[in-house]
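Topology and contacts: notes
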Amino acid sequence: MTKPIRFFSVLLGLGLATTASSGQVPAKPAIRLLLSEVMPGAMSAEQYCTLVFTDHRFHSEKAIRHHGKDIERKVYEGELSEAEWNSLGGVLDNKEFRELKVPQSMPPLVMQDTHPYTISVARNGNFQNMEFLDHKSLKPYEPQVKPLLQWWKSLRGRRLPDSNAPVSEKCSLDSTHAIIAQ
């Protein structure tokens, strides 16, 4: 009886050792793009967030928020088609978009007509970061940014399957700035 147990133990140990030495935990694919938008409303706000990874996968979230807290948050995941990926690459690699430099500004304590967008694009180990607090701040950059927002609207308009994936901390809103929207 002890020989079969010993044999099974050795076999199990070899199997575990082989698995541990041969397979490293796969690295998560790098983020290519982060897009976030908050659409304020009278009673609640909608937040959309999409992460696009270098392996053509995406993670999207849609939240309904009231008084700075989620009432509802849904997660969607999928993979971009070759045409969607190429279209996105064309927008992000466009010379005018690539060279776009949006100065970072501190928001005033009280704002009217807020409609913030956050865009972060991976660029050679760094990120090209843009933040627009309202349509007025977006206006000077609209010719360069509009194709990306249209691409995103197209992705959001497609029927995305619900996912059981966890919420991404990258889609969390920054609550370090006290901004009062009127």
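Look up a bit, the structure's there.
Here's what I pulled together on the structure shown here. Fair warning: this is a prediction, and the values are worked out from it, not measured in the lab.

1. Topic: the pairing of strand S7 (residues 126–134)
With eight bridges joining them, strand S6 (residues 114–123) and S7 adopt antiparallel strand pairing. Paired with Tyr117 across the bridge in S7 is Phe132. In textbook terms, the turn of a hairpin is the stretch between consecutive antiparallel strands, and for S6 and S7 this stretch comprises two residues, one of which, Asn124, has a positive phi near 50°.

2. Some words on the side chain of Ser36
Topologically, Ser36 is positioned in strand S1 (residues 31–40). The residues touching Ser36, leaving out its near neighbours within four places in the chain, are Gln47, Tyr48, Cys49, Pro116, Tyr117, Thr118, Trp152 and Leu173.

3. What about the pattern of salt bridges?
Across all of its chains, the model carries twelve salt bridges by this definition. Across the pair Arg73 and Glu61 runs a salt bridge, and its minimum N-O distance is 2.7 Å. In this pair, Arg73 is assigned in strand S4 (residues 69–79) and Glu61 in strand S3 (residues 57–66), connecting sequence segments twelve residues apart. Taking relative accessible area as the criterion, Glu61 reaches 2% and is therefore assigned buried. Between Glu142 and Lys139 there is a salt bridge whose closest N-O contact spans 3.9 Å. Residue classification places Glu142 among the partly exposed positions, given a relative accessible area of 29%. Because the salt bridges share partners, they merge into one network encompassing Arg32, Asp93, Arg98 and Arg123.

4. Section: the layout of surface pockets
Computed from the structure, the second largest pocket encloses a volume of approximately 330 Å³. If you trace the second largest pocket, you find 14 residues lining it, with Lys28, Leu51, Phe53, His59 and Ser168 closest to the centre. Secondary-structure elements contributing two or more residues to the lining of the second largest pocket are strand S2 (45–53) and S3.

5. Observations regarding the packing of helix H2 (residues 82–92) against helix H5 (residues 142–157)
Where H2 contacts H5, the two axes come as close as 9 Å, and the packing angle between them is 160°. Of the possible angle classes, the one that applies to H2 and H5 is roughly antiparallel. Once H2 is placed against H5, the crossing between them reads as left-handed. Between H2 and H5, the contacting residues are Glu84, Ser87, Leu88, Val91 and Leu92 on the first element and Pro147, Leu148, Trp151 and Leu155 on the second. Considering only residue class, the contact of H2 with H5 consists of seven nonpolar, one polar and one charged.

6. Digging into the nonpolar core
Core analysis: the largest hydrophobic core is formed by 28 residues, its most contacted members being Leu33, Ile119, Phe132, Val145 and Leu148. Of all the elements, H5 adds the most residues to this core, at six residues. The residues touching Phe132, leaving out its near neighbours within four places in the chain, are Val102, His115, Pro116, Tyr117, Ile119, Ser137, Leu138, Tyr141 and Val145. One finds Leu34, Leu51, Phe53 and Cys171 within the second-largest nonpolar core, a separate group that totals six residues.

7. Description of H5
For H5, spanning 16 residues, the distance from its first C-alpha to its last is 21 Å, which sits close to the expected 22 Å at 1.5 Å a residue. Residues Val145, Leu148, Leu149, Trp151, Trp152 and Leu155 constitute the buried set of H5. For H5, the angular spread of buried residues about the axis comes to 155°, placing them on one side. Facing away from the buried side of H5 by over 90 degrees, the exposed positions are Pro143, Lys153, Ser154 and Gly157.

Conventions adopted
- Residues numbered from 1 in each chain as written.
- Predicted model: local features only at pLDDT ≥ 70, side-chain atom pairs only at ≥ 80, totals over all residues.
- Heavy atoms only, no water.
- Pairing = 2+ DSSP bridges.
- Helix = DSSP H or I, 4+ residues; strand = E, 2+ residues; numbered from the N terminus.
- Contact = heavy atoms within 4.5 Å.
- Salt bridge = Lys/Arg side-chain N within 4 Å of Asp/Glu carboxyl O.
- Buried < 20%, exposed > 50% of the residue type's maximum accessible area, 1.4 Å probe, protein only.
- 1 Å grid on protein atoms, 1.4 Å probe; cavity = no way out; pocket = protein on both sides within 12 Å on 5 of 7 lines; lining within 4 Å.
- Points joined across faces, edges and corners; volume = space filled by probe spheres on them.
- Axes fitted to C-alpha atoms, helices over the stretch in contact; angles between N-to-C directions.
- Parallel < 35°, antiparallel > 145°, perpendicular 65-115°, else oblique.
- Left-handed = near helix turned anticlockwise from the far one by under 90°.
- Nonpolar A, V, L, I, M, F, W, Y, C, P; charged D, E, K, R; others polar.
- Core = buried A, V, L, I, M, F, W, Y, C linked by side-chain atoms within 4.5 Å.
- Expected span 1.5 Å × (residues − 1).
- Arc of directions from axis to C-beta.

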